[in-house]
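# Examining the three-dimensional arrangement
Spelled out from the first residue to the last, the chains are:
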Amino acid sequence: MNKVITKKIKSFDNARSSLDETIFHNANGYIGVRGTIEEGVPAEWDTMRGMYINGFYEVIPMKQAENLCNFVDKKETMLNVCDTQTIKLNVNGHDFSLFSGKTLLNERTLDMEAGITKRNIRWQSPKGDKVGLEIKRMTSFEELSLFTIEYSVTAENFDCELVLRSLHLPEVYNYSDPNDPRLAADSEKFLHCITADIKDSVSYTVTETNVSKLKCATLVAHTISAKNSRICVSKTDDNTIIYDAVVPIKKGQTITLTKYTIITDSLRHKDPLEVGFKKIEAVLKNGIDHYYEAQKAYLSGFWSKAMMEIENDNEMSLAVNFNMYQLLQSAAKDSYGNIAAKGLSGEGYEGHYFWDTEMFMMPFFVLTNPELAKQLLKYRYQTLDKARENAQFLGHKKGALFPWRTITGVECSGYYPSGTCQYHIDGDIAYAIINYYLVTGDLDFIRDFGEEILLETARLWLDVGFFDGDRFVINMVTGPDEYTCMVNNNYYTNMVAKYNLEWAVKLFSILEEKGMTGKLKKKIKLHDAELTEMSQAAEKMYLPFDEKSGIIPQDDSFFDKPVWDLSKTPKGNFPLLLHYHPLHLYRYQVCKQADTVMAFLLFSQVMDKEIMRRTYEYYEKITTHDSSLSKCAFSVVAANLGMREKAYSYFGNSAKLDLMNLHHNTKDGIHTANMGGCYMSVVYGFAGLSITEKGLSLAPFLPDKWEGYSFKICFMGSVLLVEIDSENVKISLISGDPVEITLYDKKVKLMDKTATKSLLR
Ligand code: BGC
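Reading the values: rules and limits
- Residues numbered from 1 in each chain as written.
- Predicted model: local features only at pLDDT ≥ 70, side-chain atom pairs only at ≥ 80, totals over all residues.
- Heavy atoms only, no water.
- Pairing = 2+ DSSP bridges.
- Helix = DSSP H or I, 4+ residues; strand = E, 2+ residues; numbered from the N terminus.
- Axes fitted to C-alpha atoms, helices over the stretch in contact; angles between N-to-C directions.
- Parallel < 35°, antiparallel > 145°, perpendicular 65-115°, else oblique.
- Left-handed = near helix turned anticlockwise from the far one by under 90°.
- Contact = heavy atoms within 4.5 Å.
- Buried < 20%, exposed > 50% of the residue type's maximum accessible area, 1.4 Å probe, protein only.
- Polar contact = N/O pair within 3.5 Å; in protein donor to acceptor, adjacent residues only side chain to side chain.
- Near = heavy atom within 4 Å.
- Areas by Shrake-Rupley, 256 points an atom, 1.4 Å probe, with all protein chains shown as cover.
- Domains from an automatic or database assignment.
- Buried area = accessible area lost by both parts, 1.4 Å probe.
- Salt bridge = Lys/Arg side-chain N within 4 Å of Asp/Glu carboxyl O.
- Core = buried A, V, L, I, M, F, W, Y, C linked by side-chain atoms within 4.5 Å.
- Expected span 1.5 Å × (residues − 1).
- Bend = angle between axes of the 7 residues up to and from the residue.
- Nonpolar A, V, L, I, M, F, W, Y, C, P; charged D, E, K, R; others polar.

## Quick word on the sheet that holds strand β23 (residues 690-692)
Within the open sheet, the 4 strands sit side by side as β23-β24-β28-β29. Their pairing is mixed. Across the chains shown, the open sheet's two edge strands, defined by having one partner strand only, are β23 and β29 (746-750). Across the sheet, the axes of successive neighbouring strands diverge by a mean angle of 30 degrees, strand direction being ignored. As paired elements, β23 and strand β24 (residues 695-698) share 3 bridges and run antiparallel to each other. Bridging from a neighbouring strand, Ile691 pairs with Leu696 of β24.

## Notes on the packing of helix α5 (residues 356-368) against helix α18 (residues 672-686)
In contact at an axis separation of 8 Å, α5 and α18 are set at 50 degrees when each is read in the N-to-C sense. Accordingly, the angle class assigned to the pair α5 and α18 is oblique. The hand of the α5/α18 crossing is left-handed. Residues Asp356, Met359, Phe360, Met361, Pro363, Phe364, Leu367 and Thr368 of α5 form the contact with α18, whose own contacting residues are Thr672, Ala673, Gly676, Gly677, Tyr679, Met680, Val683 and Tyr684.

## What to know about the side chain of Thr672
Tracing the sequence through the fold places Thr672 in helix α18. Residue classification places Thr672 among the buried positions, given a relative accessible area of 0%. Within the local environment of Thr672, its side chain forms a polar contact with the backbone oxygen of Ala341, the two atoms lying 2.8 Å apart. Those residues in contact with Thr672, other than ones at most four positions away along the chain, are Leu327, Ser330, Ile339, Ala340, Ala341, Lys342, Gly343 and Met361.

## Some thoughts on the site of the ligand
Surveying the vicinity of the ligand reveals the residues Ala341, Tyr349, Phe354, Trp355, Asp356, Trp404, Glu482, Lys592, Gln593, Ser627 and Leu629. Contact between the ligand and Tyr349: an oxygen atom at 3.1 Å from a side-chain N or O atom of the residue. A distance of 2.9 Å separates an oxygen atom of the ligand from a polar atom in the side chain of Lys592. When isolated, the ligand has an accessible area of 310 Å², and the protein chains bury 94% of it.

## Some details on the sheet that holds strand β2 (residues 26-27)
In sheet architecture, strand pairing relies on hydrogen bonds along the backbone and comes in two forms, parallel and antiparallel. Across the sheet, 3 strands lie side by side as β2-β3-β4; this open sheet has antiparallel pairing. Across the chains shown, the open sheet's two edge strands, defined by having one partner strand only, are β2 and β4 (51-53). In the sheet, strand β3 (residues 31-33) pairs with β4 via 3 bridges, with the strands oriented antiparallel. Paired with Ile31 across the two strands is Ile53, which belongs to β4.

## A few points about the side chain of Arg380
For Arg380, the location among the structural elements is in helix α6 (residues 370-382). Owing to a relative accessible area of 1%, Arg380 belongs among the buried residues under this scheme. Excluding anything up to four places from it in sequence, Arg380 contacts Phe354, Trp355, Glu358, Phe402, Thr406, Ile425, Ile429 and Ile453.

## Here we look at the pairing of strand β21 (residues 465-468)
Relative to strand β22 (residues 471-474), β21 runs antiparallel, the two sharing 4 bridges. If you follow Phe467 over to β22, its bridge partner there is Phe472. In this antiparallel pair of consecutive strands, β21 and β22, the connection spans 2 residues, and Gly469 shows a positive phi of 60 degrees.

## Some thoughts on the domain arrangement of the protein
Domain annotation of the protein identifies domain 1 (46-302) and domain 2 (352-656). The distance between the C-alpha centroids of domain 1 and domain 2 comes to 40 Å. Taking both sides of the interface into account, the surface hidden between domain 1 and domain 2 amounts to around 1200 Å²; carbon and sulfur atoms contribute 60%. Counting every contact that joins domain 1 to domain 2 gives 0 salt bridges. Our enumeration of links across domain 1 and domain 2 arrives at 7 residue pairs in polar contact (both at pLDDT 80 or more).

## Describing the nonpolar core
Counting residues in each nonpolar core, the largest one holds 165 residues, and the members touching the most others are Trp355, Phe365, Phe651, Phe686 and Tyr709. With 13 residues, helix α10 (residues 491-513) is the single largest residue contributor to this core. The contacts of Phe365, once residues within four sequence positions are left out, are Leu327, Leu328, Ala331, Ile339, Pro370, Leu372, Ala373 and Leu376. Counting 58 residues, the second-largest nonpolar core is a separate cluster that includes Leu79, Val81, Ala155 and Tyr243.

## A look at the environment of Asp463
Relative to the assigned elements, Asp463 resides in helix α9 (residues 443-464). Residues contacting Asp463, with those up to four places away along its chain left out, are Gly395, His396, Lys397 and Lys398.

## A closer look at α5
When the terminal C-alpha atoms of α5 are compared, their 18 Å separation across 13 residues agrees well with the 18 Å that a helix rising 1.5 Å per residue should span. When the local axis directions of α5 are compared, the greatest deviation, roughly 55 degrees, occurs at Met362, which is followed within four positions by the proline Pro363. In terms of residue burial, α5 counts as a mostly covered element, since 13 of its 13 residues are buried.

## Some thoughts on the pairing of strand β26 (residues 718-725)
With 6 of 8 residues buried, β26 lies mostly within the body of the structure. For strand β25 (residues 708-715) and β26, the ladder comprises 8 bridges, and the chain directions are antiparallel. Looking at the pairing, Tyr709 lines up with Ile724 of β26. Direction of pairing for β26 relative to strand β27 (residues 728-735): antiparallel, over a ladder of 6 bridges. Counted as the bridge partner of Leu721 is Ser732 from β27.

## Some points on the packing of helix α4 (residues 314-330) against α5
Geometry of a packed helix pair, given as the angle between the helix axes and the separation of the axes. Two numbers describe how α4 lies on α5: the axes approach to 11 Å, and their chain directions differ by 95 degrees. Here α4 lies roughly perpendicular to α5, going by the angle between them. Along its contact with α4, which presents Met324, Leu327 and Leu328, the element α5 presents Met361, Phe364 and Phe365. Here the residues of the contact of α4 with α5 sort into 6 nonpolar, no polar and no charged.

## Section: the pattern of salt bridges
Scanning the model with the defined rule gives 44 salt bridges in all. Glu107 is paired through a salt bridge with Lys8; the nearest N and O atoms lie 2.8 Å apart. Of this pair, Glu107 sits in strand β9 (residues 102-111) while Lys8 sits in strand β1 (residues 4-8), and the two are 99 residues apart along the sequence. A salt bridge links Glu610 to Arg613, with the shortest nitrogen-to-oxygen separation between them at 3.5 Å. Of the two residues, Glu610 and Arg613 both sit in helix α15 (residues 609-621), 3 residues apart, roughly one turn of that helix. On the basis of relative accessible area, Arg613 is assigned to the partly exposed category, the value being 29%. Overlapping salt bridges, with partners in common, bring together Asp385, Arg388, Glu452, Glu456, Arg459, Lys523 and Glu530 in one network.

Here is the structure:
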């Protein structure tokens, strides 16, 4: 239920088509394939015909107008690796196309239980021949290298010889839009072909990048259901490999062409082509049905943990499921990659990883799939040396600074005021590590990976900040709000830095008590005096507060600026970043996303509710929500403050952001952070979940529009089912050892039974 989206496409135009390329993309965390249509669209249409590999990149020059000392002069970019999506059909002399003949039915489906997308079409050729098409696509969760297209044609009213032409194109270009800073400016072909050939009807290619010297192997095999087909596989001079099938078909008959693509790369394999051949052999032996079954089984496991049911609100239920499914599609399943801001659905933000992972998506994975969360955190550990180097580039004598945007761990942000300057990323990663520990109790992870990151990021705070009399201050940083840059004492940054410093020391002493520090102290040459300094800095961390208004200023100078009048800003001028020079924006009180509200999301348990409320209301008036990360944060905090309707309204917006293209740029890819934020709106917001040193607590309410909702969470190795209806909150221990939680401020021990409490009104 609520896991199948079917769209009837009435007017097939450019905008619809590019949007659906994103909505109906297939991905499994390793590869992603845009939902482009097999037969192609008119040349003048805006299409991003992409297939991507998570973590696979080329290094390209970063054009800096003035090359000042240690400016980033190159960046990594995600690559379109090949095109194996093209299949063309000729019916009795007429090419099938939605732009000729008559389209009698055009439907697209995303089935999130089967893990496939589907096109269902009925088409009448100019001659009057009617065909039914069902085209299924899958990126397999079992064999991550595998992408399949199952192309079935039914002859409704004719006999003929169909001609099917399927392409394997290794020479492809990346997408670009010089007018949008969120996309690459130049369209380029980053991979050149070094091998393209055919062996036993399997076509194979190897391509290589110029600078990163990474190789990608792609292999394509076909099977066809009609035994009497005539097949020819050939290669053109531009390395395109063409599979042609002439297939006799009779009225009422259906024939099916199955196209298997295997993609491997040299990041993960020494000889990607050799591995590719083994994989394609295994895939052909197993057959497509095996992978359909495995896909269903994998997803049934996923949904059993990630379940979220909303009663009597099908639309929201579907939207929430869509968002969770996209998170799964986007998350790397190995530590060569992470979760890009657009997942594997498009080239927006060039496949880069941001703080989005730790602050917005990690909560979903920690609570539903802690193993995967650990994997994502390990990726950061693997890049720790690069973060140490990055800190040195920026003049720091010690510590590690994680890059604002990256693929392999090097800084890829060219505009430092709203990029590199966002030092809070260190605190965000630290927060995610601590949160993972508080949910799982996994001290081994802290010993082996987490504590080293916590100490190196804490060192960075000591280096960038300083004791100014009785206060520890941090100057010249940018908070999450990118419309206010390079400020002193950004509230959000100081809050996460404080937490980072406190916990670096706390976890070190826990490890020490248990004799688990191992060689860490020696490895990073840690002195006891540093730990003392960390504690002092945390204690003395300066957190701006305006006594007069009782509101928290975003930073030291925020309230000195004039307020931007949003009511007088023409509608067409949003998002502001595309219409105003950044410097102009920096001179006003106007927020792309509100830092203080984001800080409340993380630390509401230790905040004064009245100050929070006043501050929330203040920033709400000057926040444009031009960032897709904004409304979900406003939703969670509104819920925590008891503003239930507001919380629901922001949630609704967050839930449907991509499905309804609310930011008008879903064509460039999904907004993965918002999808995690949507999950948080329900679990952290409506259900009032919080995780602190004292444990897990819940304080749910039921949004007016709903009759009930339920979800599962993992806590300390046990799985809990939380059910809320108009009368009660019921929490059941589904598996694992008994755990203690707090429900509306009361401790409840969940043994092998259920705890039920009346719902707080
Ligand atoms: C937001 C950042 C975010 C980035 C990638 C920007 O628009 O302001 O906070 O990390 O998008 O999603």
